[in-house]
Amino acid sequence: MTAHETSLKLYCTPRSHFSRKVRILLDAWKLGHELVDIGNVADDASKEFAGNPLMKVPTLVDGDIWLIDSDHIAQYLTLTYHPGDPFNVLLKKPELLNLRAVMNGIMAAEVELLLAKRTGTDISQPRYQKLQKTIAQGLDWLEQNAGLFAGPPDYQDFHLVCLWDHLAFYKLVKLSYRHLAARVTELSSLPYVKASRPA
Ligand SMILES: N[C@@H](CCC(=O)N[C@@H](CS)C(=O)NCC(=O)O)C(=O)O
(Lines give C-alpha, C1' and ligand atoms only; values in the text may rest on other atoms or scores of the structure.)
Protein backbone atom coordinates (compact mmCIF):
# COMPACT_ATOMS: atom_id res chain seq x y z
CA MET A 1 0.00 0.00 0.00
CA THR A 2 1.30 3.48 -0.79
CA ALA A 3 1.21 6.32 1.71
CA HIS A 4 -2.24 7.90 1.78
CA GLU A 5 -2.30 11.51 0.57
CA THR A 6 -3.72 13.54 3.43
CA SER A 7 -3.10 16.82 5.22
CA LEU A 8 -3.09 15.20 8.64
CA LYS A 9 -1.18 16.99 11.38
CA LEU A 10 -0.88 15.45 14.83
CA TYR A 11 0.19 17.70 17.70
CA CYS A 12 1.84 15.45 20.25
CA THR A 13 5.09 14.65 22.03
CA PRO A 14 7.37 11.76 21.07
CA ARG A 15 6.69 9.89 24.34
CA SER A 16 3.02 10.66 24.89
CA HIS A 17 1.15 7.38 25.36
CA PHE A 18 -2.26 8.91 24.54
CA SER A 19 -0.81 10.29 21.29
CA ARG A 20 0.80 6.96 20.48
CA LYS A 21 -2.57 5.21 20.27
CA VAL A 22 -3.32 7.52 17.34
CA ARG A 23 0.18 7.23 15.86
CA ILE A 24 -0.15 3.45 15.72
CA LEU A 25 -3.34 3.78 13.67
CA LEU A 26 -1.71 6.35 11.35
CA ASP A 27 1.30 4.06 10.84
CA ALA A 28 -0.76 0.88 10.45
CA TRP A 29 -2.86 2.54 7.77
CA LYS A 30 0.09 4.35 6.20
CA LEU A 31 -1.81 7.62 6.40
CA GLY A 32 0.65 10.37 5.46
CA HIS A 33 0.91 12.78 8.38
CA GLU A 34 3.08 15.37 10.05
CA LEU A 35 3.93 15.08 13.74
CA VAL A 36 4.25 18.41 15.53
CA ASP A 37 6.14 18.12 18.82
CA ILE A 38 4.54 20.61 21.24
CA GLY A 39 7.43 20.37 23.72
CA ASN A 40 6.92 20.09 27.47
CA VAL A 41 3.34 19.03 28.26
CA ALA A 42 3.72 20.44 31.77
CA ASP A 43 3.82 23.95 30.28
CA ASP A 44 0.69 26.05 30.47
CA ALA A 45 0.90 28.05 27.25
CA SER A 46 -2.33 26.94 25.56
CA LYS A 47 -1.22 28.12 22.12
CA GLU A 48 1.37 25.34 22.17
CA PHE A 49 -1.39 22.73 22.32
CA ALA A 50 -2.89 23.58 18.92
CA GLY A 51 -5.71 25.41 20.63
CA ASN A 52 -6.72 22.62 23.02
CA PRO A 53 -8.10 24.56 26.01
CA LEU A 54 -7.33 21.57 28.24
CA MET A 55 -3.62 21.92 27.34
CA LYS A 56 -3.16 18.26 26.56
CA VAL A 57 -1.99 16.23 23.58
CA PRO A 58 -2.91 14.77 21.14
CA THR A 59 -4.75 17.18 18.86
CA LEU A 60 -5.45 16.30 15.23
CA VAL A 61 -5.86 18.76 12.40
CA ASP A 62 -7.15 17.39 9.09
CA GLY A 63 -7.94 20.28 6.74
CA ASP A 64 -10.88 22.07 8.39
CA ILE A 65 -11.27 19.41 11.06
CA TRP A 66 -9.78 20.10 14.50
CA LEU A 67 -10.16 17.30 17.01
CA ILE A 68 -9.00 16.61 20.55
CA ASP A 69 -8.89 13.44 22.66
CA SER A 70 -7.14 10.28 21.46
CA ASP A 71 -10.23 8.07 21.36
CA HIS A 72 -12.24 10.68 19.45
CA ILE A 73 -9.37 11.07 16.98
CA ALA A 74 -9.20 7.28 16.56
CA GLN A 75 -12.95 7.20 15.84
CA TYR A 76 -12.62 10.04 13.33
CA LEU A 77 -9.72 8.35 11.50
CA THR A 78 -11.61 5.08 11.36
CA LEU A 79 -14.85 6.60 10.09
CA THR A 80 -13.03 8.78 7.56
CA TYR A 81 -10.29 6.49 6.26
CA HIS A 82 -11.17 2.89 7.26
CA PRO A 83 -14.94 2.70 7.90
CA GLY A 84 -14.76 -1.11 7.84
CA ASP A 85 -13.18 -0.70 11.32
CA PRO A 86 -10.48 -3.40 11.05
CA PHE A 87 -9.13 -2.55 14.54
CA ASN A 88 -12.49 -2.51 16.37
CA VAL A 89 -12.16 1.15 17.29
CA LEU A 90 -15.92 1.62 17.04
CA LEU A 91 -16.92 -1.58 18.87
CA LYS A 92 -19.00 -0.80 21.96
CA LYS A 93 -19.09 -4.14 23.80
CA PRO A 94 -19.31 -3.41 27.56
CA GLU A 95 -16.28 -5.56 28.41
CA LEU A 96 -14.15 -3.70 25.84
CA LEU A 97 -15.37 -0.32 27.06
CA ASN A 98 -14.34 -1.31 30.59
CA LEU A 99 -10.97 -2.48 29.32
CA ARG A 100 -10.37 0.87 27.65
CA ALA A 101 -11.65 2.81 30.66
CA VAL A 102 -9.20 1.02 32.95
CA MET A 103 -6.28 1.54 30.55
CA ASN A 104 -7.10 5.21 29.98
CA GLY A 105 -7.46 5.62 33.75
CA ILE A 106 -4.03 4.11 34.38
CA MET A 107 -2.49 6.32 31.71
CA ALA A 108 -4.15 9.42 33.16
CA ALA A 109 -2.98 8.55 36.70
CA GLU A 110 0.56 8.08 35.43
CA VAL A 111 0.50 11.47 33.67
CA GLU A 112 -0.63 13.15 36.91
CA LEU A 113 2.18 11.52 38.88
CA LEU A 114 4.86 12.25 36.30
CA LEU A 115 3.83 15.86 35.83
CA ALA A 116 3.56 16.38 39.59
CA LYS A 117 7.13 15.10 39.95
CA ARG A 118 8.30 17.18 37.00
CA THR A 119 6.85 20.34 38.49
CA GLY A 120 8.30 19.75 41.96
CA THR A 121 5.18 18.49 43.78
CA ASP A 122 5.59 16.15 46.73
CA ILE A 123 4.04 12.90 45.50
CA SER A 124 4.02 11.32 48.96
CA GLN A 125 0.76 13.25 49.59
CA PRO A 126 -2.38 11.05 49.95
CA ARG A 127 -3.81 12.16 46.59
CA TYR A 128 -0.73 10.89 44.74
CA GLN A 129 -0.60 7.72 46.82
CA LYS A 130 -4.15 7.04 45.64
CA LEU A 131 -3.02 7.52 42.04
CA GLN A 132 -0.19 5.00 42.60
CA LYS A 133 -2.82 2.59 43.90
CA THR A 134 -5.02 3.30 40.86
CA ILE A 135 -2.17 2.18 38.64
CA ALA A 136 -1.38 -0.94 40.70
CA GLN A 137 -5.02 -2.04 41.02
CA GLY A 138 -5.68 -1.22 37.37
CA LEU A 139 -2.77 -3.41 36.26
CA ASP A 140 -3.92 -6.25 38.54
CA TRP A 141 -7.40 -5.99 37.00
CA LEU A 142 -5.98 -6.05 33.48
CA GLU A 143 -3.86 -9.11 34.27
CA GLN A 144 -6.95 -10.90 35.59
CA ASN A 145 -8.83 -9.94 32.43
CA ALA A 146 -5.95 -10.53 30.03
CA GLY A 147 -8.12 -13.03 28.15
CA LEU A 148 -9.89 -10.02 26.61
CA PHE A 149 -6.70 -9.30 24.62
CA ALA A 150 -7.14 -12.06 22.09
CA GLY A 151 -7.23 -12.60 18.36
CA PRO A 152 -5.77 -10.25 15.76
CA PRO A 153 -4.26 -7.01 17.09
CA ASP A 154 -6.80 -4.27 17.61
CA TYR A 155 -7.36 -0.91 19.28
CA GLN A 156 -7.57 -2.50 22.76
CA ASP A 157 -4.09 -3.92 22.18
CA PHE A 158 -2.81 -0.53 21.09
CA HIS A 159 -3.94 0.92 24.42
CA LEU A 160 -2.10 -1.87 26.20
CA VAL A 161 1.20 -1.50 24.39
CA CYS A 162 1.16 2.30 24.77
CA LEU A 163 0.42 2.06 28.47
CA TRP A 164 2.99 -0.67 29.06
CA ASP A 165 5.92 0.85 27.15
CA HIS A 166 5.33 4.20 28.84
CA LEU A 167 5.29 2.63 32.31
CA ALA A 168 8.44 0.66 31.41
CA PHE A 169 10.14 3.82 30.15
CA TYR A 170 9.39 5.93 33.23
CA LYS A 171 9.83 3.01 35.68
CA LEU A 172 7.04 4.19 37.95
CA VAL A 173 5.95 0.63 38.80
CA LYS A 174 7.34 -2.89 38.58
CA LEU A 175 5.78 -4.66 35.61
CA SER A 176 5.43 -8.24 36.79
CA TYR A 177 2.29 -9.24 34.91
CA ARG A 178 2.92 -12.43 32.96
CA HIS A 179 -0.09 -12.47 30.63
CA LEU A 180 0.07 -8.80 29.79
CA ALA A 181 3.82 -9.02 29.17
CA ALA A 182 3.31 -11.92 26.74
CA ARG A 183 0.71 -9.99 24.74
CA VAL A 184 2.92 -6.88 24.64
CA THR A 185 5.84 -8.97 23.34
CA GLU A 186 3.66 -10.28 20.51
CA LEU A 187 2.46 -6.79 19.61
CA SER A 188 5.92 -5.25 19.77
CA SER A 189 7.08 -7.18 16.73
CA LEU A 190 4.57 -5.36 14.49
CA PRO A 191 6.41 -2.69 12.46
CA TYR A 192 3.61 -0.14 12.92
CA VAL A 193 3.76 -0.64 16.70
CA LYS A 194 7.56 -0.59 16.84
CA ALA A 195 7.75 2.66 14.87
CA SER A 196 6.49 4.84 17.75
CA ARG A 197 8.09 3.05 20.69
CA PRO A 198 9.30 5.63 23.27
CA ALA A 199 13.08 5.98 23.13
N1 LIG B 1 -8.18 12.09 27.43
C2 LIG B 1 -7.05 12.67 26.75
C3 LIG B 1 -5.83 12.67 27.68
C4 LIG B 1 -4.64 13.35 27.05
C5 LIG B 1 -3.48 13.55 28.04
O6 LIG B 1 -3.64 13.49 29.26
N7 LIG B 1 -2.29 13.80 27.48
C8 LIG B 1 -1.13 14.07 28.29
C9 LIG B 1 0.15 13.61 27.61
S10 LIG B 1 0.21 11.87 27.34
C11 LIG B 1 -0.99 15.58 28.46
O12 LIG B 1 -0.93 16.30 27.47
N13 LIG B 1 -0.96 16.07 29.69
C14 LIG B 1 -0.75 17.47 29.98
C15 LIG B 1 -1.40 17.85 31.28
O16 LIG B 1 -2.18 17.03 31.81
O17 LIG B 1 -1.14 18.95 31.75
C18 LIG B 1 -6.77 11.90 25.46
O19 LIG B 1 -7.14 10.72 25.40
O20 LIG B 1 -6.25 12.48 24.50
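Cut-offs applied
- All residue numbers refer to position in the chain's written sequence, counted from 1.
- Whole-chain, interface and lining totals are the exception, using all residues; otherwise, since this is a predicted model, local features are given only for residues with pLDDT of at least 70 and side-chain atom pairs are given and counted only at 80 or more.
- Side-chain descriptors were evaluated using all non-hydrogen atoms of the structure, hydrogens and water having been removed beforehand.
- Secondary structure elements follow DSSP: runs of H or I of four or more residues count as helices, runs of E of two or more count as strands, with numbering from the N terminus.
- For the exposure calls, accessible area comes from a 1.4 Å probe over protein chains only, and a residue counts as buried if that area is under 20% of its type's maximum, exposed if over 50%, partly exposed in between.
- The contact criterion used throughout is that any non-hydrogen atoms of two residues lie within 4.5 Å.
- Reported accessibility uses the Shrake-Rupley method at a 1.4 Å probe radius. Residues are deemed covered only where the shown protein chains occlude them.
- Only four residue types enter the tally: Lys and Arg on the positive side, Asp and Glu on the negative side; His and the chain ends are excluded.
- Throughout, a charge is located at the NZ atom of Lys, the CZ atom of Arg, the CG atom of Asp or the CD atom of Glu.
- What makes a nonpolar core is a set of buried Ala, Val, Leu, Ile, Met, Phe, Trp, Tyr and Cys residues whose side-chain atoms join them at distances within 4.5 Å.
- Throughout, the edges of the domains are those of an automatic or database domain assignment.
- Note on geometry: axes are C-alpha line fits, over the in-contact stretch for helices, and angles between N-to-C directions span 0 to 180 degrees.
- Note on angle classes: values under 35 degrees are labelled roughly parallel, values over 145 roughly antiparallel, values of 65 to 115 roughly perpendicular, and the remainder oblique.
- By convention, the crossing between two helices is left-handed when the near helix turns anticlockwise from the far helix through less than a right angle, and right-handed when the turn is clockwise.
- Under this grouping Gly is polar, as are all residues other than the nonpolar Ala, Val, Leu, Ile, Met, Phe, Trp, Tyr, Cys and Pro and the charged Asp, Glu, Lys and Arg.

The name given to the protein in an unreviewed UniProt entry is Glutathione S-transferase, with Bowmanella dokdonensis as the source organism.

Let us look at the overall build of the protein. Assigned secondary structure in the protein consists of seven helices and four strands. Dimensions of the protein along its principal axes, counting C-alpha atoms only, are 50 × 40 × 30 Å. Residues classed as buried in the protein amount to 44% of the 199 residues present. For the protein, the proportion of contacts with a sequence separation of at least 24, taken over those separated by at least 6, is 68%. Of the roughly 10,000 Å² that the protein leaves accessible, carbon and sulfur atoms contribute 55%. Here the protein holds 22 positive side-chain charges and 22 negative ones, and the gap between their average locations is 6 Å.

Now for the nonpolar core. If you look at the biggest cluster of nonpolar residues, it comprises 51 residues, and the most contacted ones within it are Leu77, Leu139, Leu142, Leu163 and Leu180. Looking at this core, the elements that each hand over two or more residues are strand S1 (4-12), helix H1 (17-28), helix H2 (70-81), helix H3 (94-118), helix H4 (126-144), helix H5 (155-170), helix H6 (178-188) and helix H7 (191-194). Among the elements that take part in this core, H3 stands out by supplying nine residues, more than any other. Per-domain counts for this core show at least three residues from each of domain 1 (4-81) and domain 2 (94-194). Residues Tyr11, Ala50, Val57 and Val61 belong to the second largest nonpolar core, which totals six residues.

At a closest axis distance of 9 Å, the pairing of H1 and H5 adopts a crossing angle of 135°. It follows from the interaxial angle that H1 and H5 lie oblique. The hand of the H1/H5 crossing is right-handed. Facing H1, whose interface residues are His17, Arg20, Lys21, Ile24 and Leu25, H5 presents Tyr155, Phe158, His159, Val161, Cys162, Asp165 and His166. Residue composition of the contact of H1 with H5, grouped by class: six nonpolar, three polar and three charged.

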